[in-house]
Amino acid sequence: MQALWMVLASLFFATMAVCVKFASSGFNSSELVFWRGLIGVALLWMLARRQGVTLATRNGGMHAWRSMVGVISLGMWFYAIRYLPLATAMTLNYMSSVWVAVFLIGGALLAWNPRENSRAPLSQGPLVITVLAGFAGVVLMLRPTIDQNQLFAGLIGLLSGLTAAFAYMQVMALGKVGEPETRTVFYFAVGSAVGGLLGMGVEGVSPWDWKHAVWLVPMAVLATLGQLCLTRAYNHGATLVVVSLQYFGLVFGAIFSLTLFGDHITPLGWAGMGLIVASGIGATVLRARAAPHAPADEH
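One structure accompanies this document, and this report is about it. Bear in mind that the values here come from a model prediction, so they are computed numbers and not experimental data.

### Structural notes on the overall build of the chain
Secondary structure summary: the chain contains 15 helices and 0 strands in total. Expressed as a percentage of the 299 residues in the chain, the buried residues total 53%. Of the contacts formed within the chain by residues at least 6 apart in sequence, a portion of 90% connects residues at least 24 apart. Summing over all exposed atoms, the chain offers an accessible surface of approximately 13300 Å²; the carbon and sulfur share of this is 69%.

### With respect to the nonpolar core
Counting 57 residues, the largest nonpolar core has M16, L32, W77, F78, I81, M90 and M219 as its most contacted members. With 11 residues, helix α1 (residues 2-23) is the single largest residue contributor to this core. For M219, the residues in contact, after removing those within four places along its chain, are M16, C19, V20, L32, W35, R36 and F78. Counting residues in hydrophobic clusters, the runner-up holds 7 residues, among them L44, A48, L55 and V185.

### Considering the pattern of salt bridges
For the structure shown, the criterion picks out 1 salt bridge. R183 is the salt-bridge partner of E179, the closest N and O atoms lying 2.6 Å from each other. There is no split in this pair, since E179 and R183 are both buried.

### Quick notes on a nonpolar patch on the surface
Together, W65, M68, I72 and F166 make up an exposed nonpolar region whose accessible area comes to about 370 Å². Per-element accounting of the nonpolar patch gives the leading share, 3 residues, to helix α3 (residues 60-83). On the secondary structure map, W65 appears in helix α3.

### Examining the packing of helix α2 (residues 29-51) against helix α9 (residues 181-203)
Contact geometry for α2 and α9: axes closest at 7 Å, N-to-C directions at 155°. The angle between α2 and α9 places the two elements in the roughly antiparallel class. Classified by chirality, the crossing of α9 by α2 is left-handed. Taken together, the residues that form the contact of α2 with α9 break down as 16 nonpolar, 9 polar and 3 charged.

### Points about the packing of aromatic side chains
In the structure shown here, the tally under the stated rule is 12 aromatic pairs. A ring pair is formed by F22 and F261, whose centres lie 5.1 Å apart and whose planes are at 45°; its orientation type is tilted. You can see F22 sitting in helix α1 and its partner F261 sitting in the loop between α13 (248-260) and α14 (267-290), a full 239 residues away along the chain. Centroid distance Y79 to F152: 5.9 Å. Interplanar angle 90°. Geometry classified as edge-to-face. Linking Y79 in helix α3 with F152 in helix α8 (residues 148-176), this pair joins segments that are 73 residues apart in sequence. Relative accessible area serves as the criterion here: at 24%, Y79 is assigned to the partly exposed category. Owing to a relative accessible area of 43%, F152 belongs among the partly exposed residues under this scheme. Linked through ring pairs, F27, F34, W35, W208 and W210 together constitute an aromatic cluster. Across from the ring centre of F188, 4.2 Å away, lies the NZ or CZ of R66, which sits over that ring.

Procedures and definitions
Residues numbered from 1 in each chain as written. Predicted model: local features only at pLDDT ≥ 70, side-chain atom pairs only at ≥ 80, totals over all residues. Heavy atoms only, no water. Helix = DSSP H or I, 4+ residues; strand = E, 2+ residues; numbered from the N terminus. Buried < 20%, exposed > 50% of the residue type's maximum accessible area, 1.4 Å probe, protein only. Contact = heavy atoms within 4.5 Å. Areas by Shrake-Rupley, 256 points an atom, 1.4 Å probe, with all protein chains shown as cover. Core = buried A, V, L, I, M, F, W, Y, C linked by side-chain atoms within 4.5 Å. Salt bridge = Lys/Arg side-chain N within 4 Å of Asp/Glu carboxyl O. Patch = residues over 30% accessible without salt bridge, like charges linked within 9 Å, V, L, I, M, F, W, Y side chains within 5 Å. Axes fitted to C-alpha atoms, helices over the stretch in contact; angles between N-to-C directions. Parallel < 35°, antiparallel > 145°, perpendicular 65-115°, else oblique. Left-handed = near helix turned anticlockwise from the far one by under 90°. Nonpolar A, V, L, I, M, F, W, Y, C, P; charged D, E, K, R; others polar. Phe/Tyr/Trp six-rings, centres within 6.5 Å; stacked < 30°, edge-to-face > 60°. Lys NZ or Arg CZ within 6 Å of the ring centre and 35° of its normal.

The values are spatial; any link to function lies outside them.
What follows is the structure in structure tokens.
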């Protein structure tokens, strides 16, 4: 069942990205984050009442941290979706597993004592190779892009994967302390509404256009369903299996990108996507052996 939760989450997020792509023609990223959060708060409040789940928590700090990094990642991802082909934006966001491997390598090097174990860095070799392969995939994906707006959007999309890595690790930490899925996603929705509102103070407010506004509700509903499925998968599933199955989202994203938006993905782009997927799965498997006590593998 945990595998199914992750596959469903991937489908919901890919379909949500389609809604974001359509809505972004009339709304900026902060507005999309705000409406996703606001509608999500209402949906999750009703769901919590139906389930009899109290929204009071003793882990406010953990929720605040998860919401902060999650909202930053979300805003950057929405920006990338607006300016990049859908498949490209989704692939860059899915670099989160590679970023987790980067954290583990850095932590292992910082903790390395050459007097106790002179060969410790060599044990990180395969993990380092997967990380390098992941970033080589990024270069291949962005290399054909010559428009400067797309290059900047590519960097933003890459950073969205970095912050998503922090958010996913915090989701697992919240599951370990017993926070229900509904409560975790509710506070993320609250954070999205607040963060989006603050962002609107900087980016401004767009004129209301029903042609694009019609996508806001399905965007928020699909996002909420995706977050619930993702949180359940991370809280109860085997980490290696769950994280690997999230790459189904790239399959769905590529299908939508080609069929709905007529995006053209070059052979180099496809090769880059393949490298990123392979490196993400490889990093997930290898880090269990290279750093068995890392947060992503304790659950």
